[in-house]
Amino acid sequence: MVTDGLRLADILAALSVATDLGMGQEPEKAVRSCLVATHLARASDLPEHAVGDVFYTALLQHLGCTAPAHEWSYLFGDGLATTPQAERTDGANRREALALLMSAGRGTGVRRFRHLARTVAAGEQGSRTVLLSVCEVGARMSERLGLGEGVRLGLRHSLERWDGNGEAYGLAAEDIALPARFTALATQAVIFDRLGGPDAALEMARRRAGGWFDPAVTTTFERVGPDLLRRLAETDVWAAVLAAEPQPARQIAPARLDEVARVFADMVDLLTPFTLGHSSGVAELAAAAAERLRLPVGSVDRLRVAALLHDLGRVAIAGVVWEKPRALSSTEWEQVRLHPYYTERILVRSAILEPLARIAGMHHERQDGSGYHHGASAAQIPAEARLLAVADAYQAMTQDRPYRAGLAPLAAVEQIEAAARAGWFDPECTRAVIEAAGQHPTQVRSAWPAGLSEREVDVLRLMARGLSNRQIAETLVISSRTAEHHVQHIYTKIGASTRAAAAMFAMEHGLLR
Ligand SMILES: [Fe+2]
């Protein structure tokens with residue numbers, strides 16, 4: 001590991017690719033939006049510290065992208081197919097809004113009708129909850145990344161509109177944080193530039209000035225935007241984004257890389273209620289097993305961070321695939337096989353994370369060459385990746401999945417040993433992971449976070465997994481009224497109002513392991 005400070009923008013620009021993929025967008029969209037927003041902020045003569053807030057807000061604008069995935073799949077079916085259209089839709093424009101509604105549950109027949117009916121039934125309140133979860137989770141994650149109040153508000157206000165018709169908080173004009181106003185226009189400009197070039201972006205910006213966008217930011221865009229988009233088409237945006245960051249560039253101590261990786265681990269795990277806490281659980285287990293095998297400290301550190309980020313590529317595959325309770329179709333299975341490839345490609349974008357790319361990207365390889373996506377065999381798989389493969393498989397077995405219940409530790413051990421005997425896993429790594437799994441001390445807590453009571457933590461765990469108040473009541477053998485009462489108290493105590501934000505809080509405080 002590098003011992004000097006680590007350039008935060010290098011890490012976050014790469015990780016923003018995961019959020020692009022999570023929005024069904026091309027893997028440079030956030031970086032391009034960041035360049036446009038930063039340029040507009042400078043052309044508006046904002047002081048450099050304020051430009052810095054615009055820079056990080058635009059770069060991380062989709063930090064909350066996985067928050068609504070579970071609810072979105074229920075309403076719209078394949079979220080990744082509908083998200084790009086939703087993102088560029090002007091909700092106040094009736095024609096655009098109707099076109100979006102009609103795209104719910106693309107496809108034909110019963111499935112399409114079912115999704116359409118659900119969307120209508122959920123109504124404004126349903127779609128508001130989806131939008132609020134994006135803002136709440138994005139803001140919470142930016143806090144964990146230590147990006148400051150400007151960026152936190154920028155992400156919290158990311159779905160507001162100048163005219164006050166935004167569906168999240170309904171703020172208007174100057175009440176909307178400045179970074180959010182620059183980011184909104186820059187993002188749409190990048191989308192429309194890709195669809196129809198700089199002229200299409202300019203036409204869109206003029207049409208939405210005073211409605212969606214801040215008129216002053218639009219005027220600046222009219223002046224400098226089209227030329228900027230033309231220049232960007234010829235630019236290496238990865239080098240440009242690092243050059244565009246206001247000085248002094250933000251750095252983190254190497255020891256903080258874990259915390260940054262943990263935020264993105266939780267972002268990925270939020271994709272489905274089944275995977276909450278998976279990545280951090282794998283990281284803990286893999287690192288403990290590596291210590292038992294006396295791997296050098298540098299290897300253990302690399303493995304821990306690679307394990308936190310191993311499933312980043314999952315966000316590129318629709319939530320409906322991960323939540324499917326039946327066998328996957330061959331097309332779906334092909335998509336699933338791609339997720340470690342995406343993980344690898346995201347990590348190589350960063351000079352700091354690149355050394356982890358191969359380890360993380362090989363977490364589904366098998367010793368006998370039957371794994372994916374490389375189809376590598378024993379000698380080609382580094383020791384860290386072999387450990388990661390076993391730790392990932394063990395942790396996943398102990399969690400519920402849509403198609404099976406989680407296994408008790410003993411049953412999971414049996415299955416892992418059988419897989420090792422079948423030639424999938426390295427025997428030494430298998431032993432180390434099993435021993436490490438048996439070493440988990442039961443957590444003894446003197447107090448729960450945010451003043452939660454023991455009972456409220458039980459309720460929070462079930463809420464995070466998407467159970468309704470009635471299901472929580474049945475599980476805990478309490479009345480529905482009591483369950484509802486607990487849920488309201490929890491939301492107040494943790495300062496959130498959506499399931500996704502509650503799930504994020506639970507992961508952040510390690511309440512799901
Ligand atoms: Fe995976």
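Values in this document were obtained by computation on a predicted structure and should not be read as measured data.

Colleague: Lay out the coordination of the iron ion with the relevant residues and their values.
Modeller: Geometry sets the ideal angles at a metal, namely 109.5 degrees for four tetrahedral donors and 90 or 180 degrees for six octahedral donors. Coordination of the iron ion by the protein is provided by Asp311 (OD), His339 (NE2), His363 (NE2) and His364 (NE2), with metal-donor distances spanning 2.2 to 2.3 Å. One way to put it: the 4 donor atoms around the iron ion meet at angles of 82 to 167 degrees, and that makes the site irregular. One chain supplies every donor for the iron ion, spaced along it as D-x27-H-x23-H-H. Of this pair, His339 sits in helix H17 (residues 339–347) while His363 sits in the loop between helix H18 (354–361) and helix H19 (383–398), and the two are 24 residues apart along the sequence. Grouping residues by exposure puts His339 and His363 together as buried.

Colleague: An account of the confidence of the model for the protein chain is requested, with residue identities and associated values reported.
Modeller: Here the protein chain averages 91 in pLDDT, and 92% of its residues register 70 or above. Here helix H5 (residues 79–88) stands out as the element of the protein chain with the lowest mean pLDDT, 71, in contrast to helix H10 (residues 215–232), whose mean of 98 is the highest.

Colleague: Can you explain unusual backbone geometry? Please cite residues and give values.
Modeller: Backbone torsion omega between Gln247 and Pro248 reads -5 degrees, so that peptide bond is classified as cis. By secondary structure assignment, the location of Pro248 is in the loop between helix H11 (237–244) and strand E2 (251–252). Tyr372 connects to His373 through a cis peptide bond whose omega is 5 degrees. Structurally, the position occupied by His373 is in the loop between H18 and H19. One non-glycine residue with positive phi stands out, namely Arg294, at about 55 degrees. With respect to the secondary-structure elements, Arg294 resides in the loop between helix H13 (278–292) and helix H14 (297–308). Arg294 sits in the exposed class, given a relative accessible area of 74%. Positive phi, normally seen in glycine, also occurs at Val477, with a value near 50 degrees. By secondary structure assignment, the location of Val477 is in the loop between helix H23 (469–476) and helix H24 (480–494). Residue Val477 is classed as exposed on the basis of its relative accessible area of 74%.

Colleague: A description of the pattern of salt bridges should follow, citing residues and the corresponding values.
Modeller: Note on pairing: side chains with opposite charge can pair once their charged atoms come close. Taken as a whole, this structure holds 26 salt bridges when the rule is applied. The shortest N-O distance in the salt bridge between Glu508 and Arg140 comes to 3.7 Å. One end of the pair, Glu508, is in helix H25 (residues 499–508); the other, Arg140, is in helix H7 (residues 109–144), with 368 residues separating them in the sequence. Assessed through its relative accessible area of 30%, Glu508 is described here as partly exposed. Judged by relative accessible area, Arg140 falls into the buried class, the value being 16%. Within this structure, Asp90, Arg161 and Asp163 form a network of salt bridges that share partners.

Colleague: Describe the environment of Val54, naming the residues involved and giving the relevant values.
Modeller: Mapped onto the elements, Val54 comes out in helix H3 (residues 48–59). Given a relative accessible area of 1%, Val54 falls into the buried group. In sequence terms Val54 and Val17 are 37 residues apart; their C-alpha atoms lie 18 Å from each other.

Colleague: How would you sum up the packing of aromatic side chains? Please name residues and give values.
Modeller: Within the structure shown, the criterion is met by 5 aromatic pairs. For the ring pair Phe55 and Tyr56, a centre distance of 5.0 Å and an interplane angle of 75 degrees mean the geometry is edge-to-face. No difference in accessibility class separates Phe55 from Tyr56, as the two residues are buried. Residue placement shows Arg314 over the ring face of Trp322; its charged tip is 4.0 Å from the ring centre.

The rules we used
- Residues numbered from 1 in each chain as written.
- Predicted model: local features only at pLDDT ≥ 70, side-chain atom pairs only at ≥ 80, totals over all residues.
- Heavy atoms only, no water.
- Donors = N, O, S within 2.8 Å, 3.2 Å for Na, K, Ca; no water.
- Tetrahedral: all angles 85-135°; square planar, octahedral: opposite > 155°, others 65-115°.
- Helix = DSSP H or I, 4+ residues; strand = E, 2+ residues; numbered from the N terminus.
- Buried < 20%, exposed > 50% of the residue type's maximum accessible area, 1.4 Å probe, protein only.
- pLDDT = per-residue confidence, 0-100.
- Salt bridge = Lys/Arg side-chain N within 4 Å of Asp/Glu carboxyl O.
- Phe/Tyr/Trp six-rings, centres within 6.5 Å; stacked < 30°, edge-to-face > 60°.
- Lys NZ or Arg CZ within 6 Å of the ring centre and 35° of its normal.

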